[in-house]
Amino acid sequence: MNKKAVYCIICEREVSGEECFDISMVAEDNSPECFLPKDLRGTFSENMKQICCKCKYHPT
């Protein structure tokens, strides 16, 4: 089974579907920042959350 990857404008790189989901959960304040990829921890701003929630890949 192929793992799907999408380009994340926040990370500025491709992320797996799992990473995308984790990022989106933090963006919606449903998960703590410890679930973010290490390169985003401590830098995930309100602006980034808004960008994530408007992304075409954001799970609905």
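Look a little higher up for the structure.
**Student:** Teacher, can you tell me more about the pairing of strand 2 (residues 13-16) here?
**Tutor:** One face of the sheet, then the other: side chains in a regular strand alternate in exactly this way. Bridge count between strand 1 (residues 5-8) and strand 2: four bridges; the pairing is antiparallel. Opposite Val-6, over in strand 2, you have Val-15 as the bridge partner. Counting the residues between successive antiparallel strands, the hairpin from strand 1 to strand 2 contains four residues, one of them, Glu-12, with a positive phi of roughly 60 degrees.

**Student:** Got a minute to help me understand the pattern of salt bridges in this structure?
**Tutor:** When the charged atoms of two side chains lie near each other, side chains of opposite charge can form a pair. Evaluation of the coordinates by the stated rule reveals four salt bridges. The partner of Lys-49 in a salt bridge is Asp-29, with the nearest N and O atoms 2.7 Å apart. With Lys-49 in helix 2 (residues 46-54) and Asp-29 in the loop between helix 1 (17-27) and helix 2, this residue pair connects regions lying 20 residues apart in the sequence. The partner of Glu-46 in a salt bridge is Lys-49, and the shortest N-O contact between them spans 3.4 Å. In this pair, Glu-46 and Lys-49 both sit in helix 2, three residues apart, roughly one turn of the helix.

**Student:** Any chance you could explain the nonpolar core here in plain terms?
**Tutor:** The tendency in soluble globular proteins is for nonpolar side chains to be buried as a group. Ranked by size, the top nonpolar core spans 14 residues in total, and within it Ile-10, Ile-23, Leu-40 and Phe-44 carry the most contacts. For this core, the elements supplying multiple residues, two or more each, are strand 1, helix 1 and helix 2. Looking at this core element by element, the count peaks at four residues for helix 1. Contacts of Leu-40, omitting those with residues within four sequence positions, involve Ile-10, Cys-11, Ile-23 and Met-48.

**Student:** Would you mind showing me how to read the environment of Cys-53 here?
**Tutor:** Here Cys-53 shows up in helix 2. Exposure remark for Cys-53: the relative accessible area of 36% places this residue in the partly exposed category. Cys-53 sits 28 residues away from Met-25 along the chain, and the two C-alpha atoms are 9.6 Å apart. Apart from residues lying up to four places away in sequence, Cys-53 is in contact with Ala-27, Glu-28 and His-58.

About the criteria used
Residues numbered from 1 in each chain as written. Predicted model: local features only at pLDDT ≥ 70, side-chain atom pairs only at ≥ 80, totals over all residues. Heavy atoms only, no water. Pairing = 2+ DSSP bridges. Helix = DSSP H or I, 4+ residues; strand = E, 2+ residues; numbered from the N terminus. Salt bridge = Lys/Arg side-chain N within 4 Å of Asp/Glu carboxyl O. Core = buried A, V, L, I, M, F, W, Y, C linked by side-chain atoms within 4.5 Å. Buried < 20%, exposed > 50% of the residue type's maximum accessible area, 1.4 Å probe, protein only. Contact = heavy atoms within 4.5 Å.

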